[in-house]
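Observations on the model geometry
Read off the chains here:
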Amino acid sequence: MSNLENERCEACHADAPKVSDDELKELMREIPEWTPVTNDGVMMLQREFKFKNFKQALAFTNRVGDLAEEEKHHPELTTEWGKVTVTWWTHSINGLHKNDFIMAAKTDSVFDA
Ligand SMILES: C[C@H](O)[C@H](O)[C@H]1CNC2=NC(N)=NC(=O)C2=N1
């Protein structure tokens, strides 16, 4: 089980450090189902979650939304029939902060609950 899911996000400022390549490698081991993707030069974490119908996908979307409000860290959420795509990155630094890995782990635990 990941330890990250029990950590809290810290307030993130524009001068906060992005995760290094070594940290990225280490942190990815805790969230193996996520993929690092780059959009317009910004590195992000992405995972697709599958459901039986739209209603379940929407309920999951709302649970992740509640998590985001609790931690004051917000994802991109794309809700479709039977599928939610969740993408985490830190807007203020245009890249990945440890907060994104914490939120990815928390997202996994909402899905597995
Ligand atoms: C004031 C507020 O907490 C900040 O603007 C937060 C809101 N949610 C956020 N979410 C994400 N993903 N990145 C941010 O930089 C960010 N900033």
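So, here is what we can say about the structure in this document. The residue numbering used here restarts from 1 in each chain and proceeds along that chain's sequence as written. Local features in a predicted model are, by the rule used here, given only for residues with pLDDT of at least 70; side-chain atom pairs are given and counted only at 80 or more, and totals for whole chains, interfaces and linings are based on all residues. For side-chain calculations, the full set of non-hydrogen atoms in the structure is used, while hydrogens and water are omitted.

1. Focus: the overall build of the protein
For the protein, the count of helices and strands is 3 helices and 4 strands. Helix and strand assignments come from DSSP, with helices taken as H or I runs of at least 4 residues and strands as E runs of at least 2, each series counted from the N terminus. For the protein, the N- to C-terminal ordering of α and β elements is α-β-β-α-β-β-α. Restricting the calculation to C-alpha atoms gives the radius of gyration, and the globule rule supplies 2.2 Å times the number of residues raised to the power 0.38. The C-alpha radius of gyration computed for the protein amounts to 13 Å, which stays within 12% of the reference 13 Å derived for 113 residues, consistent with globular compactness. The principal-axis extents of the C-alpha atoms in the protein amount to approximately 40 × 30 × 25 Å. Residue exposure (1.4 Å probe, protein chains only): buried if accessible area is under 20% of the type maximum, exposed if over 50%, otherwise partly exposed. For the protein, buried positions account for 44% of its 113 residues. Any pair of residues with heavy atoms lying within 4.5 Å of one another is described as a contacting pair. Long-range contacts, defined as pairs at least 24 residues apart, comprise 67% of the intrachain contacts of the protein with a sequence gap of at least 6. Total accessible area on the protein stands at roughly 6700 Å², and carbon and sulfur atoms take up 48% of it. Exposure was quantified through the Shrake-Rupley algorithm and a 1.4 Å probe, taking into account, for residues, occlusion by the shown protein chains and nothing else.

2. Considerations on the pattern of salt bridges
Pairs can form between side chains of opposite charge once their charged atoms are near each other. Salt bridge, as used here: a side-chain nitrogen of Lys or Arg that lies within 4 Å of a carboxyl oxygen of Asp or Glu. All chains considered together, the criterion is met by 8 salt bridges. Of the charged contacts, one joins glutamate 26 and arginine 29 as a salt bridge, the two residues approaching to 3.5 Å between their closest N and O atoms. Classification of arginine 29 as exposed rests on a relative accessible area of 64%. Taking the shortest distance from any N to any O, the salt bridge between glutamate 80 and lysine 83 comes out at 4.0 Å. Each of Arg8, Glu71 and Lys106 takes part in salt bridges that share partners, so that together they form one network.

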